[in-house]
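# Structure at a glance
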Amino acid sequence: NHITDVKEFKQADFNFISLNIHDKLGEVLNKEFADLINTNVAKLIIDFCNEGQVRENWFFAIHRMIKKYKLKSSNIYFISCDSKLSENYDIWSDKFNIPKINIIGLSRYLEEAKLWIEDIDKFPIEDFKVNRIREKKFTCLNGAYRASRIKIVSELFRSGLDKDGYISCIGNYGEDIPTKSDLQPELDNDTIKYFIDKIVPKLPIVIDIEKDMELIEPYIGNSYVHEMYTNSYFNILTETSYNYENTIIGNNIFPTEKIYRIIFGMQPAIVVTNPGFLKYLKSMGFETYPEFFDESYDEIENPKERMSTIVKEIKKICSLSFEELHDRYYNIFDKLEHNRNRLIEIVDDIEINYGNYLNVFE
């Protein structure tokens, strides 16, 4: 029973109150709701279940709300798709010596792969086995503008690699193009200047083979363009999260549909995101590709140092010839096939998708 008014409380039901993390939490809650939470007859759900880019300042706000209403923290649940939040929150709350709320982590973006798998006959594995030199070295798709994506796209163009790959930068959701002040202090002034002078006039950057296709909001949701993956060798994945502030809570692991699209499309990926992402993929039963990339970047805590290492690795792998990439790709083909099969195996796995979400309240 989802309560939006105290009058809706039902004694015999499981009652819960939900707050959106973007609301002003202390103003949305009231004393009557607080009394229900503190007397164990209702739970408080803080809902961020469709996203995983969790920010540290939200938890300061949550704990100010707890203090204001003297809330029983054990009756509060924060739900998100950040797979590392439980671990990070334990460290954070111990640091400030405050009573802990409950953390529920989901992997619900795994479900986005269902539509591709249902249409798998259109995308057979045989398409990836064709022994021919492919047209592009890499694919790098970028939707919503983020500092980490702007850094990668700028470096690709500045290094003259734009002709070697499928590169997009489109700005999903109709958002405004970032300004210099938007990108500071995450990016250095040299990168910001190059982006404004050289990249902004090209925006939106759309891949030619997509121009006549009807896509489901490019690069988010269920869109999958098979030709990109059969015509290039590897992927530069700019994931949603990149914690430039290097905060404890912000050091999240948020796998979106993007990584599962790449796995389905049978490409190795260098992933531009927070540390530990590759380690998390391994915990899900996927294999990574140290034979293809130097994956040590996944262990670098400092965000600017990690970005610098990633950029160097991208330039290094792009310096290989098409023939060298071709050989390297087919040397790891067994792993690519394993990962695609693993994705098919777990896409409907409730425990992996929803973790302890379904049984936490028993």
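Let me begin by describing the structure that accompanies this report.

### Points about the packing of helix 6 (residues 147-158) against helix 12 (residues 303-318)
Packed helices, taken two at a time, are described by their axes: the angle between them and the distance between them. Look at helix 6 against helix 12: their axes get within 11 Å of each other, and the N-to-C directions meet at 35 degrees. The handedness of the crossing between helix 6 and helix 12 comes out as right-handed. Judged by residue contacts, Ser148, Lys151, Ile152, Glu155 and Leu156 of helix 6 engage Met307, Ile310, Val311, Ile314 and Lys315 from helix 12. Classifying every residue of the contact of helix 6 with helix 12 by side-chain character gives 6 nonpolar, 1 polar and 3 charged.

### Describing the pairing of strand 7 (residues 234-238)
Successive side chains on a regular strand alternate, one facing one side of the sheet and the next facing the other. Among the 5 residues in strand 7, 5 count as buried, and that is most of the element. Burial along strand 7 is two-sided: Phe234, Ile236 and Thr238 facing one way and Asn235 and Leu237 facing the other are all buried. Examined bridge by bridge, strand 5 (residues 138-140) and strand 7 share 2 bridges and lie parallel to one another. Across the sheet, threonine 139 pairs through a bridge with asparagine 235, a residue of strand 7.

### Structural notes on empty space enclosed by the protein
Overall, the coordinates contain 3 cavities of 30 Å³ or more when judged by the stated rule. Roughly 120 Å³ of internal volume is contained in the largest cavity. Among the elements of the structure, helix 10 (257-264), strand 8 (269-272) and helix 11 (277-283) are those that each provide at least two residues to the lining of the largest cavity. A per-element tally of the lining of the largest cavity places helix 10 first, with 3 residues.

### A closer look at helix 10
Most of helix 10 sits out of view: 8 of its 8 residues are buried. Among all positions in helix 10, only Glu257, Lys258, Ile259, Tyr260, Arg261, Ile262, Ile263 and Phe264 are buried. Where helix 10 ends, the next residue or the one after it, methionine 266, has phi of about 55 degrees, a positive value.

### Quick look at the layout of surface pockets
Computed from the structure, the largest pocket encloses a volume of approximately 510 Å³. As for the largest pocket, its lining consists of 24 residues, and the residues nearest its centre are Gln53, Arg55, Glu186, Tyr242 and Tyr244. Elements that contribute at least two residues to the lining of the largest pocket include exactly helix 3 (56-69), helix 6 and helix 7 (180-183). For the lining of the largest pocket, the element with the most residues is helix 6, which contributes 3 residues. When grouped by side-chain class, the residues that make up the lining of the largest pocket number 8 nonpolar, 10 polar and 6 charged.

### Here's the deal with the sheet that holds strand 1 (residues 16-20)
If you trace the 4 strands from one edge of the open sheet to the other, you get 1-2-3-4, paired in parallel fashion. In the strand order of this sheet, the two ends are held by strand 1 and strand 4 (102-105), each with one partner. The mean angle between the axes of side-by-side strands here comes to 25 degrees, regardless of whether they run parallel or antiparallel. Sheet analysis places strand 3 (residues 76-80) next to strand 4, joined by 4 bridges and oriented parallel. Paired with tyrosine 77 across the strands is asparagine 102, a residue of strand 4.

### What about the environment of asparagine 131?
If you trace the backbone, asparagine 131 turns up in the loop between helix 5 (114-118) and strand 5. Between the C-alpha atoms of asparagine 131 and tyrosine 330, which are 199 residues apart in sequence, the distance is 9.2 Å.

What counts, and at which threshold
Residues numbered from 1 in each chain as written. Predicted model: local features only at pLDDT ≥ 70, side-chain atom pairs only at ≥ 80, totals over all residues. Heavy atoms only, no water. Axes fitted to C-alpha atoms, helices over the stretch in contact; angles between N-to-C directions. Helix = DSSP H or I, 4+ residues; strand = E, 2+ residues; numbered from the N terminus. Left-handed = near helix turned anticlockwise from the far one by under 90°. Contact = heavy atoms within 4.5 Å. Nonpolar A, V, L, I, M, F, W, Y, C, P; charged D, E, K, R; others polar. Buried < 20%, exposed > 50% of the residue type's maximum accessible area, 1.4 Å probe, protein only. Pairing = 2+ DSSP bridges. 1 Å grid on protein atoms, 1.4 Å probe; cavity = no way out; pocket = protein on both sides within 12 Å on 5 of 7 lines; lining within 4 Å. Points joined across faces, edges and corners; volume = space filled by probe spheres on them.

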